[in-house]
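Observations on the three-dimensional arrangement
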Amino acid sequence: MKDFDEIFGQKPWIIAGPCSAETEEQTIDTARQLAKNGIKVFRAGIWKPRTRPGNFEGVGAVGLEWMREVKKETGMLISTEVANVKHVWDAIKAGIDILWIGARTTANPFAMQEIADSLRGCNIPVFVKNPVNPDVELWLGAIERLEAAGLTQIGLIHRGFSSYEKILYRNAPIWQVPIEIRRRRPDLPLICDPSHIAGKREYLFEISQKALDLNVDGLMIESHRNPDEAWSDAKQQLTPNDLMKMVDQLVVRKVNPDGISMESLNELRYKIDQIDAELLDTLQKRMGISQKIGEYKKANNMTVLQPSRWDAILNKYVEKGAEKNLDKELITKIFTAIHQASINIQVDVINGKNNETK
Ligand code: PEP
Ligand code: MN
């Protein structure tokens, strides 16, 4: 089995193709244009998980024949989403090279287990999209089920998270989640799907660049020969030409560029470590005082929360922070967290859960 580096060539790896295979012509024509531009792995959805019934739900197994044709004619590897055992069988039978698991399937341990069991003994590369909810454990669980079934070539796809509130993008990127999964599983390649995060093509560049700056290994981007006429996800797709233009504009930075001295960076990192240690000491001192305040309030039968005082303090810090060019949101988050922790300590003291000040 070829590893991902052999499959994709240089980084960032690119997987491109339409959201859905719609017709034989559309599939093959889009693929031809992508192959001409050097794309090595073609994607197309055959079975589409739609939130509400009545929308286009994919052409089904007949589209696999068109993908075989793509592979035969262009030499690209072909990939599609599988969401149940029948999809797995059909895809394997048709010679699909790479599978991916969609966000709604990753979120479902029963479906994941069935898919993993059906893949036992068939070591095909599988990319696993993040679940629709920002749950790192659920994402890891899906991967572990595939690994337990003997799969060894597994990758991650960050495609963003559903949100109740109206946000700029279609799905909230919540970048901490891919950062955390990378920390937990540094051995697994991670690619970003800016298309499903963005929802609109105008945001694809900024999301892709941010993903590359976080050192993802590649991008899965939807591309259609005529995006405005696409049967699914029309607003977020790019023509193969526009896709290549966008990719060309991306800046690929290195973690450790050759030939540059790390000395000044290390010096700055050293300073940051020192400041972080001071922050910890300061927090420790502050929480010690919260303990004493708790003891005072207990002795005098006072409530812990004094809302007007808290409000005044927070406003004061936001204002002072602004004078120091510190972001309002940052100050609000930090001081709210500190205040919450301080209240917890005082509540414990008042209820006799905490020992005397040490
Ligand atoms: C897709 O890749 O077309 C798709 C349906 O993705 P997701 O599972 O991320 O919504
Ligand atoms: Mn799509």
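To be clear, the structure that these remarks concern was listed above.
The following refers to the structure shown.

Throughout the structure, instances matching the rule amount to seven aromatic pairs. For the pair F56 and W231, a centre-to-centre distance of 5.1 Å together with 90 degrees between the ring planes defines the contact as edge-to-face. Of this pair, F56 sits in the loop between strand 2 (41-43) and helix 3 (62-74) while W231 sits in the loop between strand 8 (218-222) and helix 11 (240-249), placing them 175 residues apart in sequence. By way of ring pairs, the aromatic residues F4, F8, W13 and F127 are connected into one cluster.

Moving on, we get to the site of ligand 1. Taken together, C19, R43, K48, E81, W100, G102, A103, R104, K129, R159, H196 and E222 make up the full set of residues near ligand 1. Between ligand 1 and R43, the relevant distance is 2.8 Å, taken from an oxygen atom to a side-chain nitrogen or oxygen of the residue. Within the side chain of R104, an N or O atom sits 3.0 Å from an oxygen atom of ligand 1. Relative to its unbound accessible area of 300 Å², ligand 1 is 97% covered by the protein chains. Taking a 2 Å distance to the grid points as the criterion, the majority of the atoms of ligand 1 fall inside the second largest pocket.

For the manganese ion (ligand 2), the full set of protein donor atoms is C19 (SG), H196 (NE2), E222 (OE) and D233 (OD), and the range of their distances to it is 2.0 to 2.4 Å. Ordering the donors of the manganese ion (ligand 2) by residue number gives the pattern C-x176-H-x25-E-x10-D. Of the two residues, C19 sits in the loop between strand 1 (13-17) and helix 2 (24-36) while H196 sits in helix 9 (residues 194-198), which places them 177 residues apart along the sequence. For the pair shown, C19 and H196 are each scored as buried.

With 13 residues, helix 3 should cover 18 Å at 1.5 Å per step; its first-to-last C-alpha distance of 19 Å lies within 8% of that length. Within the span of helix 3, buried status applies to G63, L64, W66, M67 and V70. The arc enclosing the buried residues of helix 3, seen along the axis, measures out at 155 degrees, which places them on a common side. Residues of helix 3 that are buried make contact with helix 2, strand 2, strand 3 (77-81) and helix 4 (85-93). Where helix 3 ends, the next residue or the one after it, G75, has phi of about 80 degrees, a positive value.

This part takes up the pattern of salt bridges. Two side chains carrying opposite charge are able to pair once their charged atoms lie near each other. All told, the structure shown has 23 salt bridges when counted by the stated rule. Here R225 and E25 are joined by a salt bridge, their closest N and O atoms 3.8 Å apart. Here R225, found in the loop between strand 8 and helix 11, pairs with E25, found in helix 2; they are 200 residues apart in sequence, far enough to count as distant. Shared partners join several salt bridges into a network, and the residues in it are E137, E180, R183 and R184.

Definitions and limits used
- Here the residue numbering is sequential within each chain, running from 1 through the sequence in written order.
- Each chain gets a letter, beginning with A, and each ligand a number, beginning with 1, in the order they are written.
- In keeping with the predicted nature of the model, local features appear solely for residues at pLDDT of at least 70, side-chain atom pairs appear and are counted solely at 80 or more, and the whole-chain, interface and lining totals rest on all residues.
- The side-chain numbers reported here are obtained from all heavy atoms of the structure, hydrogens and water having been left aside.
- Any two of the Phe, Tyr and Trp rings considered here, Trp counted by its six-membered ring, make a pair once their centres fall within 6.5 Å; the pair's planes then place it as stacked at under 30 degrees, edge-to-face at over 60, or tilted in between.
- The secondary structure listing takes helices from DSSP runs of H or I that are at least 4 residues long and strands from runs of E that are at least 2 residues long, numbered from the N terminus.
- Note on terminology: near, applied to a residue and a molecule or strand, indicates that one of the residue's heavy atoms is within 4 Å of it.
- Definition of a polar contact: a pair of N or O atoms within 3.5 Å, with one able to donate and the other able to accept a hydrogen when the atoms are protein atoms, and with sequence-neighbouring residues admitted only if both atoms are side-chain atoms.
- Working definition of accessibility: Shrake-Rupley area with a 1.4 Å probe, residue cover restricted to the visible protein chains.
- Using a 1 Å grid laid over the protein atoms alone, points where a 1.4 Å probe fits but cannot get out form a cavity; open sets with protein on both sides within 12 Å along at least 5 of 7 lines form a pocket; any residue with an atom within 4 Å of a point counts as lining.
- In this scheme, a molecule is assigned to a cavity or pocket if more than half of its atoms are within 2 Å of the grid points.
- The donor set covers N, O and S atoms within 2.8 Å of the metal, switching to 3.2 Å for Na, K and Ca, and it leaves out water, so a site may look short of donors.
- Three labels apply to residues, based on accessible area from a 1.4 Å probe with only protein chains included: buried if under 20% of the type maximum, exposed if over 50%, partly exposed otherwise in between.
- Under the convention used throughout, the expected extent of a helix is 1.5 Å for every residue step, that is, one less than its residue count.
- Here the arc refers to the set of directions running from the helix axis out to each C-beta atom.
- Residues are treated as being in contact if the distance between any of their heavy atoms lies within 4.5 Å.
- Any carboxyl oxygen of Asp or Glu that lies within 4 Å of a side-chain nitrogen of Lys or Arg is treated as forming a salt bridge with it.

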